[in-house]
Amino acid sequence: MAREVPQAGGPARDIRRLPKAHLHLHFTGSMRPSTLLELADKHGVHLPEALTSGEPPQLRATDERGWFRFQRLYDIARSCLRTPEDIQRLVREAAEEDAADGSGWLEIQVDPTSYAPRLGGLIPTLEIILDAVHSASRDTGVGMAVVVAANRMKHPLDARTLARLAVRYADRGVVGFGLSNDERRGLARDFDRAFAIAREGGLLAAPHGGELAGPASVRDCLDDLHAERVGHGVRAAEDPRLLRRLADSGVTCEVCPASNVALGVYDKPEDVPLRTLYEAGVPMALGADDPLLFGSRLAAQYEIARGVHAFTDVELADLARQSVRASRAPEELRANMLSGIDAWAS
Ligand SMILES: [Zn+2]
């Protein structure tokens, strides 16, 4: 691979101008901290200091208590999204932030169940979200779609209901089906029917795995859920055979370096195995996961690859291409983004 990219002397290329697809961003987690403060004020929600200090909260999710604390903060933030206007604002701002970071395509991940009680039920909630996505995409120029994600802490029958709902909206902006929350709880296999419904309905299977749990959780995503992408997947780096399998089958890992460090999956940015995955040929799509709680957005993840892991511009362009190829962006947009990436790197 050519690596003789000119950087010495000239200014570094602006990573924000590198076209990319953003495939791992959670709904509430995408919120601007300033918006959270305003919405909490509007709805009279008392926020804990961890969400008001202006600094990302100290988190550690490597044990269940730490994960519970993370989920508690997430739940409080989510409770500030109560009206269709709140949803529209959240989605518009997520798209604006992505546009500023060079994202041409954003797949935002949401479990509509959590918002449904305040928005009139599951179907109205998903419709409000899809309408918001449509408007935000039109207004910002960022292509957008939705990944409906089930919660693995809930009953597998709930996941099936969500999968059927997601399939019903496959031609209105839902492109994938995910599975989130604590990988250490329950088995991926319990959700195999839900994922079968989603896949048969034409949706991409993109469960979380290989974040809080090790390589076995990634294998479960592949074997039991036929994942085409894996949320995180970084712990696959502990198993060379699994890395080969991911590379051979072209399954993309949605790697979120800042999130991994914020949650204590790795102690330091340099410990995130970006190089290991990249050199093994595992496709990656860098993502921000929950900027609200981790303090950084999409372009910052590419800055970590450059600044901490010494990715050259040729390699950063390669990462961006991988993100586009793993996306469900329409063909014309993919082609545009890929040629934009070539132009950035040339
Ligand atoms: Zn995630």
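Refer to the structure presented above.
The model shown is predicted, which means the values in this text are computed figures rather than measured ones.

The rules behind the values
- Within any chain, residue numbers begin from 1 and follow the written order of that chain's sequence.
- Per-residue local features are limited, in this predicted model, to residues with pLDDT of at least 70; the limit for side-chain atom pairs, both in listing and counting, is 80 or more; totals at the level of whole chains, interfaces and linings are taken over all residues.
- Excluded from the side-chain calculation are hydrogens and water; included are all heavy atoms of the structure.
- Distances decide who is a donor: an N, O or S atom must be within 2.8 Å of the metal, or within 3.2 Å for Na, K and Ca. Water is not included, so sites may look incomplete.
- Segments assigned H or I by DSSP are reported as helices when at least four residues long, segments assigned E as strands when at least two residues long, and all are numbered from the N terminus.
- Throughout, exposure labels follow a simple rule: accessible area from a 1.4 Å probe, protein chains only, divided by the maximum for the residue type, with under 20% read as buried, over 50% as exposed, and the rest as partly exposed.
- Salt bridges, as used here, are contacts in which a Lys or Arg side-chain nitrogen is within 4 Å of a carboxyl oxygen on Asp or Glu.
- Residues count as neighbours in contact if any of their non-hydrogen atoms are within 4.5 Å of one another.
- The sign given to each residue is positive for Lys and Arg and negative for Asp and Glu; His and the chain ends receive no count.
- Angles here are taken between N-to-C directions and fall from 0 to 180 degrees, while the axes themselves are lines fitted to C-alpha atoms, restricted in helices to the stretch in contact.
- Angle categories are assigned with fixed cut-offs, so that under 35 degrees is roughly parallel, over 145 is roughly antiparallel, 65 to 115 is roughly perpendicular, and the rest are oblique.
- Crossing handedness is defined as follows: a turn of the near helix away from the far one that is anticlockwise and smaller than a right angle gives a left-handed crossing, while the clockwise case is right-handed.
- Just so you know the grouping, Ala, Val, Leu, Ile, Met, Phe, Trp, Tyr, Cys and Pro go in nonpolar, Asp, Glu, Lys and Arg go in charged, and all remaining residues, Gly too, go in polar.
- For Phe, Tyr and Trp, where Trp contributes only its six-membered ring, two rings pair if their centres lie within 6.5 Å, and the inter-plane angle classes them as stacked under 30 degrees, edge-to-face over 60, or tilted in between.
- For a Lys NZ or an Arg CZ to count as sitting over a ring, it must be within 6 Å of the ring centre and within 35 degrees of the ring normal.

Trainee: What exactly am I supposed to notice about the coordination of the zinc ion here?
Mentor: Reference geometry at the metal: tetrahedral coordination by four donors gives ideal angles of 109.5 degrees; octahedral coordination by six donors gives 90 or 180 degrees. Donor atoms from the polypeptide that bind the zinc ion are His24 (NE2), His26 (NE2), His208 (NE2) and Asp289 (OD), placed at 2.1 to 2.5 Å. Taken in chain order, the donor set of the zinc ion reads H-x1-H-x181-H-x80-D. Of this pair, histidine 26 sits in strand S1 (residues 20–26) while aspartate 289 sits in the loop between helix H11 (274–279) and helix H12 (291–294), and the two are 263 residues apart along the sequence. The exposure class assigned to histidine 26 is buried, which follows from its relative accessible area of 12%.

Trainee: I keep staring at the pattern of salt bridges and nothing clicks. Help me out?
Mentor: Opposite charge on two side chains permits them to pair, given that their charged atoms come into close proximity. Tallying each qualifying case throughout the model produces 27 salt bridges. A salt bridge links arginine 32 to glutamate 96; its shortest N-O distance comes to 3.0 Å. Of this pair, arginine 32 sits in the loop between S1 and helix H1 (33–43) while glutamate 96 sits in helix H3 (residues 84–100), and the two are 64 residues apart along the sequence. By relative accessible area, which is 22% here, arginine 32 ends up partly exposed. For glutamate 96, a relative accessible area of 32% gives the class partly exposed. For glutamate 97, the salt bridge goes to arginine 32, with nearest N and O atoms at 2.7 Å. With glutamate 97 in helix H3 and arginine 32 in the loop between S1 and H1, this residue pair connects regions lying 65 residues apart in the sequence. Taking the relative accessible area as the measure of exposure, glutamate 97 reaches 21% and is therefore partly exposed. One salt-bridge network, in which partners are shared between bridges, spans Arg32, Glu38, Arg89, Arg92, Glu93, Glu96, Glu97 and Arg297.

Trainee: It is not clear to me how the environment of glycine 209 should be interpreted in this structure. Could you clarify?
Mentor: Within the secondary structure layout, glycine 209 lies in strand S5 (residues 204–209). As for glycine 209 and glycine 231, which are separated by 22 residues in sequence, their C-alpha atoms are 5.9 Å apart. Aside from chain neighbours lying at most four places away, what touches glycine 209 is Glu183, Ser217, Val218, Cys221, Val230, Gly231, His232 and Gly233.

Trainee: Is there a simple way to explain the side chain of glutamate 211 in this structure?
Mentor: If you trace the backbone, glutamate 211 turns up in the loop between S5 and helix H8 (215–225). Buried and unpaired, glutamate 211 has no salt bridge, with arginine 184 as the nearest side chain of opposite charge at 8.1 Å. Excluding residues within four positions of it along the chain, glutamate 211 makes contact with Glu183, His232, Arg235, Ser259, Asn260, Leu263, Val265 and Asp289.

Trainee: Please explain the packing of helix H5 (residues 122–140) against helix H6 (residues 156–168) as it appears in this structure.
Mentor: Relative placement of two packed helices is described by the angle separating their axes and the distance separating the axes. At their nearest, the axes of H5 and H6 sit 11 Å apart, and the two run at 45 degrees to each other. Here H6 runs oblique to H5, going by the angle between their axes. Of the two elements, H5 crosses H6, and the hand of that crossing is right-handed. Contacts from Leu122, Ile123 and Leu126 in H5 reach Thr161, Leu162, Leu165 and Arg168 in H6. When its residues are assigned to classes, the contact of H5 with H6 shows five nonpolar, one polar and one charged.

Trainee: Teacher, can you tell me more about the packing of aromatic side chains here?
Mentor: Within a pair of aromatic rings, the relevant descriptors are the distance that separates the centres and the angle that separates the planes. Across all of its chains, the model carries six aromatic pairs by this definition. On the basis of an interplanar angle of 70 degrees and a centroid distance of 5.4 Å, the ring pair of phenylalanine 27 and tyrosine 115 is categorised as edge-to-face. Here the residue phenylalanine 27 occupies a position in the loop between S1 and H1, and tyrosine 115 occupies one in the loop between strand S2 (103–110) and helix H4 (116–119), the gap between them amounting to 88 residues. You'll find phenylalanine 27 and tyrosine 115 in the same group, each marked buried. The interplanar angle of 65 degrees and the centroid separation of 5.0 Å between the aromatic rings of phenylalanine 177 and phenylalanine 195 together place this pair among those described as edge-to-face. Residue phenylalanine 177 is found in strand S4 (residues 174–180), and its partner phenylalanine 195 is found in helix H7 (residues 192–200); the two are separated by 18 residues along the sequence. A network of ring pairs unites the aromatic residues Trp67, Phe70, Tyr74 and Phe294 as a single cluster. Seen from the ring of tryptophan 344, arginine 13 lies directly overhead, with NZ or CZ sitting 5.7 Å from the centre. The aromatic ring of tyrosine 302 is capped on one face by lysine 20, whose charged end is 5.5 Å from the ring centroid.

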